[in-house]
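Structure at a glance
In case you want the letters, here they are:
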Amino acid sequence: MNQDEMKQKVAEAALEYVVPGTIIGVGTGSTANKFIEALGSIKDQIKGAVASSEATARGLRDQGIKVFDLNDVSGTLSVYVDGADEFDEEKNLTKGGGGALTREKIVAAASDKFICIVDETKKVGFLGDFPLPIEVIPMSRELIAREVVKLGGRPVLREGFITDNGNEILDVHDLRITDPKGLEAQLNHLPGVVTNGLFALRCADVVLMATPNGVVCIE
């Protein structure tokens, strides 16, 4: 089973967590796209979805799934399904390779349960092998970059990329993240940071990990 096939299997496994008759949250990225395709097969069982990016909203509409603005949803979403760039044994995540980290974090926070769907290549001992994205207000870019260097990171501007919110992304290399919750809070307190790609203060509730031998559920 190749990586693409594993993504397909784990996306299909996530359908078991979809609560009928509710509005769900849907993430962004290649594995989330597989979930959107699978969700199309049960679209009549849900009221619709809140998308974490404009690209995801288009994908949902292409499947005939109604897309809601989060502000128009009363109460919480039943479940949020999304992928990750890395995850550790505590179900802390690094996300944002696709640039949708802020909206992903908002939708995750608005959901009762967060289901992370990944393949086994995303499991790490410590977060940091994948560059940590930080969404920044443009005028703060160099200020934030200097602060990140003090923390031992090597920030690189994601060239030619603007987020759906009109901001820029610094991808921080060379970090070995031993305290994800602490670093997430520390970075988010820097003036000009919209948010960073650590999902530790609100980590995944369940990680579904695809392997060549099937899908493993980590709770």
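My aim in this report is to walk through the structure given alongside it, one point at a time. What you see is a predicted model, and the numbers here were worked out from it, not measured in a lab. (Residues numbered from 1 in each chain as written. Predicted model: local features only at pLDDT ≥ 70, side-chain atom pairs only at ≥ 80, totals over all residues. Heavy atoms only, no water.)

We now examine the sheet that holds strand 12 (residues 198-199). Sheet architecture is open: three strands sit in the order 5-6-12, paired in antiparallel fashion. Of all the strands in the sheet, just strand 5 (86-87) and strand 12 have a single pairing partner and so form its edges. The pairing of strand 6 (residues 93-94) with strand 12 spans two bridges and is antiparallel. Directly across from Leu93, in strand 12, lies its bridge partner Phe199. (Pairing = 2+ DSSP bridges. Helix = DSSP H or I, 4+ residues; strand = E, 2+ residues; numbered from the N terminus.)

Before going further, it helps to spend a moment on helix 2 (residues 30-39). Of all the 10 residues making up helix 2, seven are buried; the element is thus mostly covered by neighbouring parts of the structure. Regarding helix 2, the residues found buried are Thr31, Ala32, Lys34, Phe35, Ile36, Ala38 and Leu39. For helix 2, the secondary structure elements touched by its buried residues are helix 1 (3-13), strand 1 (23-26), helix 3 (54-62), strand 4 (80-82) and strand 7 (114-119). (Buried < 20%, exposed > 50% of the residue type's maximum accessible area, 1.4 Å probe, protein only. Contact = heavy atoms within 4.5 Å.)

This part is about the nonpolar core. The biggest cluster of nonpolar side chains holds 27 residues, and the ones touching the most others in it are Ile24, Val26, Phe35, Leu39, Leu60, Ile117 and Leu208. Breaking this core down by element, the ones donating at least two residues are helix 1, strand 1, helix 2, strand 2 (48-51), helix 3, strand 7 and strand 13 (206-211). In contact with Phe35, other than residues within four places in its own chain, are Ala11, Ala14, Leu15, Val18, Ile24, Val26, Val81 and Ile117. If you look at the next biggest cluster of nonpolar residues, it comprises 19 residues, including Val73, Tyr80, Cys116 and Val118. (Core = buried A, V, L, I, M, F, W, Y, C linked by side-chain atoms within 4.5 Å.)

Let's shift gears to the environment of Val79. In this structure, Val79 sits in the loop between strand 3 (67-68) and strand 4. The class of Val79 is buried, set by a relative accessible area of 1%. Apart from residues no more than four positions distant in its own chain, Val79 is found in contact with Tyr17, Val18, Ile24, Gly25, Ser111, Lys113 and Ile115.

Our next topic: the packing of helix 1 against helix 2. Remark: helix 1 packs on helix 2, axes separated minimally by 8 Å, with the N-to-C direction vectors making an angle of 50 degrees. Taken together, the axis directions place helix 1 and helix 2 in an arrangement best described as oblique. Of the two possible hands of crossing, helix 1 and helix 2 adopt the one that is right-handed. Every residue of helix 2 that contacts helix 1 at Asp4, Lys7, Gln8, Val10, Ala11 and Glu12 is listed here: Ser30, Thr31, Lys34, Phe35, Glu37 and Ala38. (Axes fitted to C-alpha atoms, helices over the stretch in contact; angles between N-to-C directions. Parallel < 35°, antiparallel > 145°, perpendicular 65-115°, else oblique. Left-handed = near helix turned anticlockwise from the far one by under 90°.)

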